[in-house]
Amino acid sequence: MNCPVCKDEALGLIKHENQQLHRCISCSGLLISTNDFIELQKENDRHLSTLLTKPEKTSKKNKDSRKCPSCGKTMKCTDYEWDSNIEIEVCEDCSLIWLDGGEMAAIHEHLKKEHPELIESELEHETKKFFNWVKYLLSKAGEITPRIG
Ligand SMILES: [Zn+2]
Ligand SMILES: [Zn+2]
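**Q** Residues and numbers for the overall build of the chain, please.
**A** Looking only at helices and strands, one finds four helices and seven strands in the chain. Of the regular secondary structure in the chain, the N- to C-terminal order runs β-β-β-α-α-β-β-β-α-α-β. Counting the 149 residues in the chain, one finds 28% classified as buried. Summarising the internal contacts of the chain: among those between residues at least 6 apart in sequence, 48% fall at separations of at least 24.

Right, dumping it as structure tokens:
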């Protein structure tokens with residue numbers, strides 16, 4: 001699978017036990033399964049209902065030509081939550097989410113800023129767990145292996 005941004009760059013597979021994500025070494029973009037991403041949303045219906053159901057939007061950043069690395073279809077551009085201005089790409093067919101480099105950090109900041117009430121809550125715990133998981137996988141640089149196809 002190639003990076004939808006860099007096109008010619010193959011995504012690296014980062015694995016730990018039965019968990020995995022893909023990353024582009026050039027642009028730091030991340031490809032994550034919807035299920036893993038929803039770990040972020042756990043215990044919070046508002047997040048769950050807005051993440052993937054928000055109507056498609058026209059990207060402000062010319063991201064609308066991004067193609068799913070797995071099936072090649074144009075990914076749906078949507079805002080993370082209603083007002084975050086963090087544009088993420090979703091392929092509903094493959095249950096994959098593409099985050100540009102820096103967007104994972106931006107989502108973390110957004111949650112911290114916009115949902116301070118979640119601190120110490122179960123969601124905050126799950127959110128930390130999720131971010132720690134991503135950070136952990138990314139830190140295992142030695143296991144990044146280029147994938148062809
Ligand atoms: Zn890239
Ligand atoms: Zn797809």
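Still to come is the rest of the account.
**Q** A description of helix α3 (residues 103–114) should follow, citing residues and the corresponding values.
**A** With 12 residues, α3 should cover 16 Å at 1.5 Å per step; its first-to-last C-alpha distance of 16 Å lies within 8% of that length. Here α3 has its buried residues at E103, M104, I107 and L111. Looking down the long axis of α3, one finds its buried residues gathered within 110 degrees of arc, a one-sided arrangement. Exposed residues pointing more than 90 degrees away from the buried face of α3 are listed as E109 and K113.

**Q** I'd like a rundown of unusual backbone geometry, residues and numbers included.
**A** Among all residues save glycine, negative phi is the norm, and among peptide bonds the norm is trans. Of note, the phi angle at S28 is positive, near 65 degrees, even though the residue is not glycine. With respect to the helices, strands and loops of the structure, S28 is situated in the loop between β2 (19–23) and β3 (30–33). You will see that S95, though not glycine, has its phi angle at about 55 degrees, which is positive. Checked against the element boundaries, S95 lands in the loop between β5 (87–91) and β6 (96–99). Judged by the 16 C-beta atoms lying within 10 Å of it, S95 is partly exposed.

Analysis parameters
- Residues numbered from 1 in each chain as written.
- Chains lettered and ligands numbered in written order.
- Predicted model: local features only at pLDDT ≥ 70, side-chain atom pairs only at ≥ 80, totals over all residues.
- Helix = DSSP H or I, 4+ residues; strand = E, 2+ residues; numbered from the N terminus.
- Buried ≥ 20, exposed ≤ 12 C-beta atoms within 10 Å, placed from the backbone.
- Contact = placed C-beta atoms within 7 Å.
- Expected span 1.5 Å × (residues − 1).
- Arc of directions from axis to C-beta.

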